[in-house]
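Structure at a glance
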Amino acid sequence: MVIKLYNTLSRKKEVFKPIKKGQVGIYTCGPTVYSYQHIGNLRSYIFADILKKVLEYGGYRVKQIINVTDVGHLTSDADAGEDKIEKAAEKEGKKTKDIARYYWKIFKDDFVKLNISEPSVWTWASKYIQDQIDFIKVLDKKGFVYKTSDGLYFDTSKIKDYGKMANLDVEGLRAGKRVDLKEKKNITDFALWKFSEKAGIRQQEWDSPWGLGFPGWHLECSVMSIKHLGERFDIHTGGLDHVPVHHSNERAQNIAYAGHSVVNYWIHGAFLVFKGEKISKSKGGLYTVSELEDKGFNSLSFRYLCFNVHYRSPLNFSLKALKGAEDGYERLKNILADIEDDGSVNKEYLSKFEKCIFDDLDMPGALSVLWNMIRDKKASGKIGAVKEMDKVFGLDLLKKEKVKVPEVVEKLVKKREEARKSGDWNKADQLREEIKEMGYAVEDSPSGSKIKPN
Ligand code: AMP
Ligand code: ZN
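What counts as what
- Residues numbered from 1 in each chain as written.
- Chains lettered and ligands numbered in written order.
- Predicted model: local features only at pLDDT ≥ 70, side-chain atom pairs only at ≥ 80, totals over all residues.
- Heavy atoms only, no water.
- Helix = DSSP H or I, 4+ residues; strand = E, 2+ residues; numbered from the N terminus.
- Buried < 20%, exposed > 50% of the residue type's maximum accessible area, 1.4 Å probe, protein only.
- Polar contact = N/O pair within 3.5 Å; in protein donor to acceptor, adjacent residues only side chain to side chain.
- Domains from an automatic or database assignment.
- Pairing = 2+ DSSP bridges.
- Axes fitted to C-alpha atoms, helices over the stretch in contact; angles between N-to-C directions.
- Contact = heavy atoms within 4.5 Å.
- Expected span 1.5 Å × (residues − 1).
- Arc of directions from axis to C-beta.
- Core = buried A, V, L, I, M, F, W, Y, C linked by side-chain atoms within 4.5 Å.
- Phe/Tyr/Trp six-rings, centres within 6.5 Å; stacked < 30°, edge-to-face > 60°.
- Near = heavy atom within 4 Å.
- Areas by Shrake-Rupley, 256 points an atom, 1.4 Å probe, with all protein chains shown as cover.
- Nonpolar A, V, L, I, M, F, W, Y, C, P; charged D, E, K, R; others polar.
- Salt bridge = Lys/Arg side-chain N within 4 Å of Asp/Glu carboxyl O.
- Donors = N, O, S within 2.8 Å, 3.2 Å for Na, K, Ca; no water.
- Patch = residues over 30% accessible without salt bridge, like charges linked within 9 Å, V, L, I, M, F, W, Y side chains within 5 Å.
- Lys, Arg positive; Asp, Glu negative; His and termini not counted.
- Charge placed at Lys NZ, Arg CZ, Asp CG, Glu CD.
- Disulfide = S-S within 2.5 Å.

1. Brief notes about the environment of Glu291
When you line up the elements, Glu291 lands in helix H8 (residues 289-294). Its relative accessible area of 34% is what places Glu291 among the partly exposed residues. Separated by 252 residues in sequence, Glu291 and Ile39 place their C-alpha atoms 9.8 Å apart. Only 3.0 Å separates the side chain of Glu291 from the backbone nitrogen of Thr288, close enough to count as a polar contact.

Written out as structure tokens, the structure is:
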């Protein structure tokens, strides 16, 4: 079995080779917990979940780390502005700890709603302060660190292929710089440690050999990934927005610290977009999963929607698209509910499915294999194959639930029952036809009418 994955660093699909036989280490950049995670954020975690499930399906034991950023992420990725968590705590009049835990808990509830499995370990940035300080000490000893009046900075000019991940023209950037660098040496340099402007104003600040302050955002991910997965590990994931700054910086820190590259495969998920624009928290975030539920959607319909588009392509969100996905998902479940399990597994379709998932997580392809199998009147072993496929889809495809019937159809069914009770068979037949036109079939049984998709 060969699994191919697209590596952002090489810009190629590569054959996945684990460092340790049968095992995979994955670090997934997690949420900054100052607000709700919107459905755009969750698209990223559905992608990471699929990656994990595909590797598990392929027989690997996966250790996944997801970090929780509860300190250091500033309102501008370029080390300026306020700390997002501190700002939210001030606005809500709460402790930073409470803010972080509150939003993290909701995020975890969303994992359950979307059938995203939890990581092996959650790592909180504020719990790894000493490790972060120790990491800076190593970088400092190796000559990658300089001090300014507001903190310690990483000298990116010391990493010769700093721009490789983002295909950045670093020389061009440096030559053409018109921005005020203040005390930074290079435009791409970033903070490792920021000093508190005045002691006692921030809720989260720590002593360090260089002064009271807090770690820069990029540092936590290098430190916690290496701590849990080692100085060489397999896969690092995140959203595409992380490529030019956060992951370029993480990679630079890793190389400086370990003397070699640490991550073998950098894999990034494309955005969920709305009317052509990336959905982002700073602009209000569009919807949360709970808001979709409040609108009457099944949260797994959003997971299903994500499989309509490959993870490396933008996905245009609209309520209409979600409704379309929900209709497809429910139809699929209803059809499956009526298929008998003959005890076998359809190997032909399962192998087509595997070809898709192992080819850089081609979920749209996998979904169409599933539909083709269901429509294939001659195929046997359908339920056996779906059991296997759903280990990756995670859509509860065989979970028996009541058929969700639109209200108008329910009303017609009731009317028809009344017509039958009063012996008005013509009316009952006419109503059966109306129901059929709406895509449903009624079956009469001693216990009442049963309704199924037609
Ligand atoms: P944050 O909480 O802002 O640090 O983001 C959490 C994750 O969501 C990161 O991996 C981001 O790259 C990702 N992300 C943010 N916005 C979107 C979006 N519109 N579509 C997909 N992923 C996103
Ligand atoms: Zn990160």
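2. So, the domain arrangement of the protein
The domains assigned to the protein are domain 1 (4-269), domain 2 (283-393) and domain 3 (407-453). Here the C-alpha centroids of domain 1 and domain 3 sit 58 Å apart.

3. Details of the sheet that holds strand E10 (residues 190-195)
Taking strand neighbours across the sheet as the criterion, the four strands line up as E8-E9-E10-E11 in an open arrangement whose pairing is antiparallel. Both edges of this open sheet fall to strand E8 (145-147) and strand E11 (213-215), since each of them pairs with a single strand only. The average angle at which neighbouring strand axes cross in this sheet is 25°, direction not considered. Strands in contact with helix H4 (residues 129-141) are E8, strand E9 (151-154), E10 and E11; relative to E10, the strand with the most contacts, it is inclined by about 125°.

4. Quick word on helix H14 (residues 407-421)
In this model H14 runs 21 Å from its N-terminal to its C-terminal C-alpha over 15 residues, within 8% of the 21 Å that 1.5 Å per residue would give. Here H14 has its buried residues at Val409, Leu412, Val413, Arg416 and Ala419. One side of H14 carries all its buried residues, which in axial view fall inside an arc of 120°. Facing away from the buried surface of H14 by more than 90 degrees, the exposed residues are Glu407, Lys411, Lys414, Glu418 and Lys421. Positioned one or two residues after H14, Gly423 has a phi angle of 75°, which is positive.

5. A look at the environment of Trp193
Looking at where Trp193 falls in the secondary structure, it is placed in strand E10. In this structure, the C-alpha to C-alpha distance between Trp193 and Asp150, residues 43 residues apart in sequence, is 8.6 Å. Among the polar contacts listed, one links the side chain of Trp193 to the backbone oxygen of Gly211, at a separation of 3.2 Å.

6. A look at the sheet that holds strand E16 (residues 315-316)
Across the sheet, which stays open at both edges, the three strands sit in the order E15-E14-E16 with mixed pairing between neighbours. Of all strands in the sheet, those bounded by a partner on one side alone are strand E15 (277-278) and E16. Here strand E14 (residues 272-274) pairs with E16 via two bridges, running parallel. Residue pairing across strands places Val273 opposite Asn316, the latter belonging to E16.

7. Let's talk about the nonpolar core
In terms of nonpolar packing, the biggest core is built from 81 residues, with Phe302 and Phe393 touching the most fellow members. Here this core takes 10 residues from helix H1 (residues 39-57), the largest share from any one element. Those residues within four positions of Phe302 in sequence are excluded, and the remaining contacts are Ile39, Leu42, Arg43, Ile46, Leu114, Leu272, Leu292, Phe317 and Leu322.

8. Focus: the packing of aromatic side chains
Counting across every chain of the model gives 25 aromatic pairs. Where Phe107 meets Trp122, the ring centres are 6.0 Å apart and the plane angle is 70°; that geometry is what we call edge-to-face. Pair noted here: Phe107 is in helix H3 (residues 96-113) and Trp122 is in strand E7 (residues 121-124), with a separation of 15 residues, a long-range link. Residue class for Phe107 comes out buried when judged on its relative accessible area of 1%. Both rings, one in Tyr304 and one in Tyr329, keep their centres 5.7 Å apart while their planes meet at 40°; by these two values the pair is tilted.

9. Observations concerning the site of ligand 1
Around ligand 1 lies a shell of 19 residues, among which Gly40, Asp241, Leu272, Ile279 and Lys281 are the nearest. Here ligand 1 has 490 Å² of accessible area as a free molecule, and 96% of this is covered by the chains. Among the elements of the structure, H1 and strand E12 (233-239) are those that each provide at least two residues to the shell around ligand 1. For the shell around ligand 1, the element with the highest residue contribution is H1, accounting for four residues. By residue class, the composition of the shell around ligand 1 is six nonpolar, 10 polar and three charged.

10. Some thoughts on the pattern of salt bridges
Overall, the coordinates contain 23 salt bridges when judged by the stated rule. A salt bridge links Arg416 to Asp444; its shortest N-O distance comes to 3.0 Å. Note that Arg416 is positioned in helix H14 and Asp444 in strand E17 (residues 440-445), a separation of 28 residues in sequence. The network of salt bridges with shared partners includes Arg416, Arg420, Arg432 and Asp444.

11. A word on the coordination of the zinc ion (ligand 2)
Taken together, the protein ligands of the zinc ion (ligand 2) are Cys29 (SG), Cys221 (SG) and His246 (NE2), with distances of 2.0 to 2.2 Å. Each donor residue of the zinc ion (ligand 2) belongs to the same chain, with the gaps between them written as C-x191-C-x24-H. Of this pair, Cys221 sits in helix H6 (residues 217-229) while His246 sits in helix H7 (residues 243-258), placing them 25 residues apart in sequence.

12. Regarding a positive patch on the surface
Among the surface-exposed residues, Lys95, Lys97, Arg101, Lys105 and Lys127 lie close enough to one another that they form a single positively charged patch. Tracing the sequence through the fold places Lys105 in helix H3.

13. Brief notes about the state of the cysteines
Counted by the stated rule, this structure contains zero disulfides. Free of any disulfide, Cys356 has its nearest cysteine sulfur in Cys306, 18 Å distant. When its relative accessible area of 13% is taken as the criterion, Cys356 is described as buried.

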